[in-house]
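Secondary and tertiary structure notes
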Amino acid sequence: MAKVAVLGYGTVGSGVVEVLEKNRGLIEKRAGECLEVKYILDLREFPGDPYEDKVIHDVNVILEDPEVQIVCETMGGNEPAFTFSKKALEAGKSVCTSNKELVANHGAELIALAKAHRCNYLFEASVGGGIPIIRPLNNALTAERVEEISGILNGTTNYILTKMEKEGTDFSEALKKAQELGYAERNPEADVEGYDACRKIAILSCLMTGKTVDFKEVYTEGITKITPADFSYAAKMNRTIKLLAMSALDGADGGGEPGCLAAVAPYLVSKDNPLAGVNDVFNAVFVQSNMLGESMYYGKGAGKLPTASAVVADVVDCAKHAGRHIVCLWDEEKLHLEDFGRAKSRFFVRAEAAKEEEITAVFGAVEKISLNELPAEFGFVTEVMSEAEFAQKHEAVSGIITRIRVKD
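Residues numbered from 1 in each chain as written. Predicted model: local features only at pLDDT ≥ 70, side-chain atom pairs only at ≥ 80, totals over all residues. Heavy atoms only, no water.

1. Some points on the pairing of strand β10 (residues 259-270)
Here β10 lies mainly inside the structure; 12 of its 12 residues are buried. Bridge analysis of strand β8 (residues 219-220) against β10 gives 2 bridges, and the strand direction is parallel. When the sheet's bridge partners are listed, Thr 220 is paired in β10 with Val 264. Pairing of strand β9 (residues 239-250) with β10, which is carried by 12 bridges, proceeds in the antiparallel orientation. (Buried < 20%, exposed > 50% of the residue type's maximum accessible area, 1.4 Å probe, protein only. Helix = DSSP H or I, 4+ residues; strand = E, 2+ residues; numbered from the N terminus. Pairing = 2+ DSSP bridges.)

Following this line, the structure appears as structure tokens:
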């Protein structure tokens, strides 16, 4: 029998206990032995909870108990999650986590520590919630050279954009609804400004390249400036708007160090693109590899039980590989990120109608996209150009209202 400890009895932590108990028989068959929750670490008391007798307040009880083989870290945040995870690994206990912030900050270090102590640090739930994406990258695609990863990695922003498109609501109203439903936090900054998706694409970039990506260096843009008018233009172009996270291998010009281009930003996506049909809190990840080509992973990217299910899948892996380290290619060597100014795309631009002549002089003859309800402005799509080139043209003219990149 493998004893399990859960650190943090919040949404995900309570979900982990629920999954382990409800699917106990099936999990036991797949793990090859019984998995039993021995401790639940939390600062709070839980009177009346079915598992209140397992709740403790001192992490050292877990660290010093030789029966505990696997620790589920579902606390969130960097500290004390990092310290607790590090001490557990040093004690030879495998750690499974849903904590994207911790993985993005210390993933390589904790993986190396697990290897040194013949245990495991697994983090399937940290990127896609219930979507299996870490395991496919590490196992199913192990014979592939993964060249690009892109997709919708945040359920909150996807829900907000879906509501804006389907119901014509503005951003603040859609956000309020997301908060009422529990999809968005009281402080939604990490989601709506793109920081959550940024950490996730950084983690996937690390697994794609085997090196460490500093998420703070990834170009990140959120959805707070998207308006119902943007969706009206998108509809006229048979497109929708999605917050995409992308990372692609990119050889540097002039014989420089090869690296990758990574970014998080809103994009206009064609209705023919499978990502256009990913709505509400669902997420999807596209992987482009050199032999298989394109593969897509789709499902609920957040939520108590979907995320907990992914954590428990890691627990089962740890039980099956007790005393053996599962290889994960992610070194502490830093990966070179290309200057995002080199990235190329087309741009959809909204501009004041009175400035058309000035804008045409800089951008050339463009095909206008007009909306009857917005007579004082027009839209157009540029040719393919670099971020730096577009920025120069933007600086050279007045009257630009907004711009959104186009995903071709």
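What follows picks up the thread again.
2. A closer look at the packing of aromatic side chains
Tallied over the full model, the rule gives 11 aromatic pairs. Between Phe 282 and Tyr 298, the ring centres sit 5.2 Å apart and the planes meet at 10°, which makes this aromatic pair stacked. One end of the pair, Phe 282, is in strand β11 (residues 282-289); the other, Tyr 298, is in strand β12 (residues 293-300), and 16 residues separate them in sequence. Residue classification places Phe 282 among the partly exposed positions, given a relative accessible area of 24%. Members of the aromatic cluster, each reached through a chain of ring pairs, are Phe 347, Phe 363, Phe 378, Phe 380 and Phe 390. The cationic tip of Lys 216 hangs over the ring face of Phe 215; the distance from NZ or CZ to the ring centre is 4.8 Å. The ring of Phe 363 is capped by Lys 393, whose NZ or CZ atom sits 6.0 Å from the centre of that ring. (Phe/Tyr/Trp six-rings, centres within 6.5 Å; stacked < 30°, edge-to-face > 60°. Lys NZ or Arg CZ within 6 Å of the ring centre and 35° of its normal.)

3. A look at the pattern of salt bridges
Considering all chains together, one arrives at 28 salt bridges under this definition. Across the pair Glu 18 and Lys 304 runs a salt bridge whose closest N-O atoms are separated by 3.5 Å. On the criterion of sequence distance, the pair formed by Glu 18 in helix α1 (residues 11-22) and Lys 304 in helix α13 (residues 304-320) is long-range, its members being 286 residues apart. Residue classification places Lys 304 among the partly exposed positions, given a relative accessible area of 32%. A salt bridge links Arg 135 to Asp 317; the shortest N-O distance between them is 3.2 Å. In this pair, Arg 135 is assigned in helix α7 (residues 134-140) and Asp 317 in helix α13, connecting sequence segments 182 residues apart. (Salt bridge = Lys/Arg side-chain N within 4 Å of Asp/Glu carboxyl O.)

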